Amino acid sequence: MHDNTRLIRSHVPHTSYGEHSSPLYLNSSFSFPDAESMQAAFEEGSEATVYSRYSNPNTDELIDRLCILENAEDGWVTASGMAAIFTCFSALLSQGDHILACRSVFGSTHQIFSTIFPKWGISHSYFDVNATEENWEACLDKNTKVLFIESPTNPALELLDIEALGSFAKKHNLIFVVDNCFATPILQKPLNLGADLVVHSMTKFIDGQGRVLGGVILGKKELIKEIGAFARHSGPSLSPFHAWLLSNSLETFELRVREKSKNAHWIAEQLESHPGISSLNYPHLPSHPQYDLAIKQMKYGGALFCFELKGGLEAGANFLNKLSICSLTTNLGDCKSIASHPASTTHSKLTEQERLAVGISPGLIRISVGLEHPEDILNDILNALA
Ligand SMILES: *Cc1c(COP(=O)(O)O)cnc(C)c1O
């Protein structure tokens, strides 16, 4: 069967009511008929549902479905994307370990690397998005344990070659972790390209409707076991209610990502030669500097594109004020289209030089395309440009 069929048809066992969609198990704990079965539930390797900090039927269903999507052996869900990233690294790293990462990482991930982990003696080095294997090698330390990347990057939508990085990680015995939030498993499956683990903020495309936060770590069974052992006791657990919502969302996930990508592709194509724009980046347009890699690595171009306004910082803020449909919010991957101006908002705390190093020019606008009619979104952008 195809993944989508398996996903939609996998669910927690039905109860005697024969409900057609999965019930919500709002239970903090689960009870046992006798002392022996309770004792068995606490034994190593038991899959029994004991306490919702460890597992819950709704989180189990969600993990099973996510494993189908990412071709993963196992997974662990968390209360937010950042909880997934923090839990993943904290579980796998010890004092003295070193992280190798691409400089273009999500803002809070950068904060974990640069302000939190140094407290515990965990260091990091960054390479640039267009670095070569020689550059990656030069950043290696004898204690490097993890390689971490996002592709496409936020917000500049530059790509990293996941397969090449996968071979590099294997050669140097690194655990290769990919934040696949922007691409989603509908566009690319990093575990098939050499990654050991994939992390997601489910807050973005997986919910896709701007309702809940959630995170997940997926990949090799033995790594997830180590992460699970850490998470059971440190408690970043996802609420069963949020797991239930997110699992239901997955039934329409492929449809939504495909349609958002189609809309974004069309709008980006129409805008590309607009005189108010000096450049536009969309992975599946031939003008993208890594077009060949984008076609090879990503099934669709994704729901996001970005462009550089002539007129810089001031033009960026002005542009946002002239939009009437696109929302001004920090989310992405929603059914509602969203516009953002990183230089004056999400990345305003960086210096100009730091921004330029991750591809954020003063007039850069990022658009996350939703499911409104694409002509209306295009017209909204054209009006604001005018
Ligand atoms: C949003 C985001 C995160 C963090 O996820 P939260 O659910 O907000 O905690 C991590 N990585 C990327 C690429 C993101 O876009």
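What you are looking at is a predicted structure, and each value in this text was computed from that prediction instead of being measured. (Residues numbered from 1 in each chain as written. Predicted model: local features only at pLDDT ≥ 70, side-chain atom pairs only at ≥ 80, totals over all residues. Heavy atoms only, no water.)

(A) Seen up close, the overall build of the protein. Looking only at helices and strands, one finds 15 helices and twelve strands in the protein. Rg of the C-alpha trace for the protein: 21 Å, near the compact-globule value of 21 Å for 386 residues, within the 12% margin. The principal-axis extents of the C-alpha atoms in the protein amount to approximately 75 × 55 × 35 Å. Evaluated residue by residue, the protein yields a buried proportion of 52% over its 386 residues. Taking as baseline every contact in the protein between residues at least 6 positions apart, the subset at least 24 positions apart corresponds to 72%. Split by element, the accessible area of the protein, about 17400 Å² in all, is 52% carbon and sulfur. (Helix = DSSP H or I, 4+ residues; strand = E, 2+ residues; numbered from the N terminus. Rg over C-alpha atoms; globule rule 2.2 N^0.38 Å. Buried < 20%, exposed > 50% of the residue type's maximum accessible area, 1.4 Å probe, protein only. Contact = heavy atoms within 4.5 Å. Areas by Shrake-Rupley, 256 points an atom, 1.4 Å probe, with all protein chains shown as cover.)

(B) Seen up close, the sheet that holds strand 1 (residues 74-78). With respect to topology, seven strands assemble into an open sheet ordered 1-7-6-5-4-2-3, the strand pairing being mixed. In this open sheet, the two strands that pair with only one neighbour each are strand 1 and strand 3 (123-127). Each strand of the sheet is rotated relative to its neighbour by a mean of 20°, with strand direction disregarded. Taken together, the five bridges between strand 2 (residues 98-102) and strand 3 define a ladder with parallel strand orientation. Each residue of the ladder has a partner; that of Leu-100, found in strand 3, is Ser-125. (Pairing = 2+ DSSP bridges. Axes fitted to C-alpha atoms, helices over the stretch in contact; angles between N-to-C directions.)

(C) Quick peek at the sheet that holds strand 11 (residues 338-340). On the basis of which strands lie adjacent, the open sheet formed by five strands has the order 8-9-12-11-10 and mixed pairing. Because the sheet does not close on itself, it has two edges, and the strands there are strand 8 (277-281) and strand 10 (327-328). Looking at chain direction, strand 10 and strand 11 are connected through two bridges and run parallel. When the bridges of strand 11 are listed, Leu-328 appears paired with Ala-339. Helix-sheet contacts for helix 11 (residues 253-271) involve strand 8 and strand 9 (304-309), and the interaxial angle to strand 9 is about 20°. Along the sheet face, helix 15 (residues 374-385) touches strand 8, strand 9 and strand 12 (364-368) and points at about 10° away from the line of strand 9.

(D) Focus on the site of the ligand. Lining the immediate surroundings of the ligand are 13 residues, of which Gly-81, Asp-179, Ser-201, Thr-203 and Lys-204 lie closest. Between the ligand and Met-82 there is a distance of 2.8 Å, counted from an oxygen atom to a backbone nitrogen or oxygen. Contact distances for the ligand include 2.6 Å between an oxygen atom and a side-chain N or O atom of Thr-203. When the ligand is considered free in solution it has 390 Å² of accessible area, and contact with the protein chains removes 92% of it. Spatially, the ligand is embedded in the second largest pocket. Ranked by residues supplied to the shell around the ligand, first place goes to helix 4 (residues 81-92) with three residues. When the residues that make up the shell around the ligand are grouped by side-chain class, the tally is five nonpolar, five polar and three charged. (Near = heavy atom within 4 Å. Polar contact = N/O pair within 3.5 Å; in protein donor to acceptor, adjacent residues only side chain to side chain. 1 Å grid on protein atoms, 1.4 Å probe; cavity = no way out; pocket = protein on both sides within 12 Å on 5 of 7 lines; lining within 4 Å. Sits in = over half its atoms within 2 Å of the grid points. Nonpolar A, V, L, I, M, F, W, Y, C, P; charged D, E, K, R; others polar.)

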